[in-house]
Each structure stands twice: as C-alpha cells, then as structure tokens.
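Now for the letters of each chain:
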Amino acid sequence: MMTQTELLVTGRRPLRKLTDPAPRRSRVGTSSTRRRVGRVLGYLALAVFAVGLLLPFFWMLMSSLKTANEVFSVPVVWIPETFVWQNYIDIWTKADMLTWIRNTLILAVSVTFLQVLTGSFAAYGFARMRFAGRDILFLIYVGTIAVPWQSYMIPQFILLSNLKVSNTLWAIILLQAFGAFGVFLMKQYYETIPEELSEAARLDGLSEYGIWRRIMLPLSVPAIASLSLLTFVNTWNDYLGPLIYLRNPDLWTIQLGLKSFVSNLFDTNYALLFAGLTISVIPIAIIFLLGQKYFVEGIATSGMKG
C-alpha cells in the first residue's frame, strides 16, 4: 500500500474499496423513484379530471332513461331502477326531431365547408404572397376575434333583413361563412411547410391557385381537420344565431327545437328533454372520436414555424 506522502508525490488516487458505498447509484435510484411517483400522481390527477368531465354526460344519459319525476329526485338517483327506453321513442314521435337534425346538419356542413375553403384560401395569401400592408391587414383581421358579436349584432340583422335572407337558412350560412380564427389557424400551419416546395412548383409553371390546391391543401390535412371539427361543433351547438334569424318552426335547429320543450320550470318533461340532448351529442362524439388524431396534431403544430 502506498502512503499518503507517496500519493501526493505521484498524484495517483487510491482504488475504491469493494466495500465502499456507491452514492451515484443511490442518487439514480432516488430520482427514478421520484419520477415514478410523479408519473403515478399525474395519472391520478388526469383520472380525477376525466371523471369530473364525464360525470355530467353520464348523468344526462342516465336521466334520459328515467321517468319525469326521477330526474330531480332527492337524494340523487344516478342509475334508475327501471330503464325507460320509451323516452327515445317519444322524442321522435312527439317532436319533429328529424327536421331539426336535418336543418342543423345542413347548416353545420355548409358552414364548415365554406369556412375551410375561405379560411385556407385567405391564409395562403397571408402566408405566401408578398404585398404592401400584409402584416397590418392580417393583424386587423385577426383582431376582429376580440370584438364581441353582440356589438354588431343589430346592424348585421338589419343588413340581412334588407337582403331578404332573414328567416332562411342562408342567413346563418352567410354569417358564418368567413372566420378570422380559421385564417389564423391555417396561416400558422402554412408557415410550417417549407417554402422551397412552392418555389419549385412555380419553376415548374404551376400558378398560385394550383400551388394552394395541389400542394398546400394536401399537406395541411391536420389543420383542416382541426378547423373542420371546431367549426362543425360550434355551428351544431349554436343557439343564439338560429334564435334571432330562424322564426319559422320548419327551419328550427335541434337547439331551438329542444328549447321548445321547456315551457316553464314545473311543466317540462326533463326525461324527454335529456333524451333529445343525448341524441344531439351523439354526432359530435362520433366526429370527434374519428378526427381526434388529426385535431391534436393540427393544434400542436399550428404554432410552430419551420
């Protein structure tokens, strides 16, 4: 064995004994345990939030299978003793449910198609075209998102009444055919696409319309899916717009139709109403489940710049 003096002279370090503890291993084990505990706590928190979000939908579904007197019983009955499936038959026979769903579907599909078309086309101009005042015009256009609809609701109603489209489905379609949010979302996604693709297409003789249709749109499927889903859900659930412009019962959407069930607080069959609400949620749930992959990808990548 070397003495301490020899160690200082030679500059060598003594070999660690086999019995010496390994502090690095203990630190790694501690950090790994902390990460595992944190992951478990995170999953528990997400599970609690998920239950909190799904609980109202579960109560609505169970209430649609109760009798009218059991809906607001005290204490709360979460699962009825007898499932009243007759509520779903009565909602179709006692109400014009098919007409309401048809009108709502026409509006949702039309508005979604027009917003995707106009939003993607305008976004291409803001993202790829160069013209004076482009950035200022974009900021002004996007700034309209912050303007509440109630501030210009009356002038808008007067304008559509003068155009003779009030009390028609065209009123809702024209109101929502353009959206600043769609332009913002699509522009942010377009900026993640390499501009070299557009330059190469121009060298090949492709016009700007062709670049938008044949290059930008196929590469923007996640953003288009996100915009389509958000627009479809907003139009499907819209209540104030149809309430103002659609006065003919033959033009009512599903939201207006279900509101007609509520005459007053004490004379409403809430079990039947919840059956209609459950039916109205089913299309939205199906569309979201089918497009959730593209929706998450489109939202996640729209804020990135390549």
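All of the points below concern the structure found in this document.

Rules used throughout
Residues numbered from 1 in each chain as written. Predicted model: local features only at pLDDT ≥ 70, side-chain atom pairs only at ≥ 80, totals over all residues. Heavy atoms only, no water. Helix = DSSP H or I, 4+ residues; strand = E, 2+ residues; numbered from the N terminus. Core = buried A, V, L, I, M, F, W, Y, C linked by side-chain atoms within 4.5 Å. Buried < 20%, exposed > 50% of the residue type's maximum accessible area, 1.4 Å probe, protein only. Contact = heavy atoms within 4.5 Å. Polar contact = N/O pair within 3.5 Å; in protein donor to acceptor, adjacent residues only side chain to side chain. Salt bridge = Lys/Arg side-chain N within 4 Å of Asp/Glu carboxyl O.

A few points about the environment of Asn 234
Here is step 1 of the chain: Along the chain, Asn 234 falls in helix H11 (residues 221-236).
Here is step 2 of the chain: Put simply, Asn 234 and Thr 112 are 122 residues apart on the chain and 9.6 Å apart in space, counted from C-alpha to C-alpha.

As for the nonpolar core
Here is step 1 of the chain: Of all hydrophobic cores here, the largest spans 25 residues; its most connected members are Met 97, Trp 100, Trp 236, Ile 254 and Phe 261.
Here is step 2 of the chain: Among the elements that make up this core, the one with the highest residue count is helix H14 (residues 270-301) (eight residues).
Here is step 3 of the chain: Excluding residues within four positions of it along the chain, Met 97 makes contact with Ile 91, Trp 92, Ile 254, Gly 276 and Ile 279.
Here is step 4 of the chain: In terms of nonpolar packing, the next biggest core, distinct from the first, is built from 21 residues, Tyr 189, Ile 211, Met 216 and Leu 227 among them.

What to know about the environment of Asp 96
Here is step 1 of the chain: If you trace the backbone, Asp 96 turns up in the loop between helix H3 (86-93) and helix H4 (97-128).
Here is step 2 of the chain: At a separation of 2.8 Å, a polar atom in the side chain of Asp 96 contacts the side chain of Thr 99.

Some points on the pattern of salt bridges
Here is step 1 of the chain: Counted under the stated rule, the structure contains five salt bridges.
Here is step 2 of the chain: Among the ionic pairs, Glu 195 bridges to Arg 130, the shortest N-O distance being 3.6 Å. One end of the pair, Glu 195, is in helix H9 (residues 195-203); the other, Arg 130, is in the loop between H4 and helix H5 (134-143), and 65 residues separate them in sequence.
Here is step 3 of the chain: Owing to a relative accessible area of 29%, Glu 195 belongs among the partly exposed residues under this scheme.
Here is step 4 of the chain: Look at Arg 130 and you get exposed, because its relative accessible area is 55%.
Here is step 5 of the chain: Arg 202 is paired through a salt bridge with Glu 199; the nearest N and O atoms lie 3.3 Å apart. Of the two residues, Arg 202 and Glu 199 both sit in helix H9, three residues apart, roughly one turn of that helix.
Here is step 6 of the chain: With a relative accessible area of 26%, Arg 202 lands in the partly exposed category.

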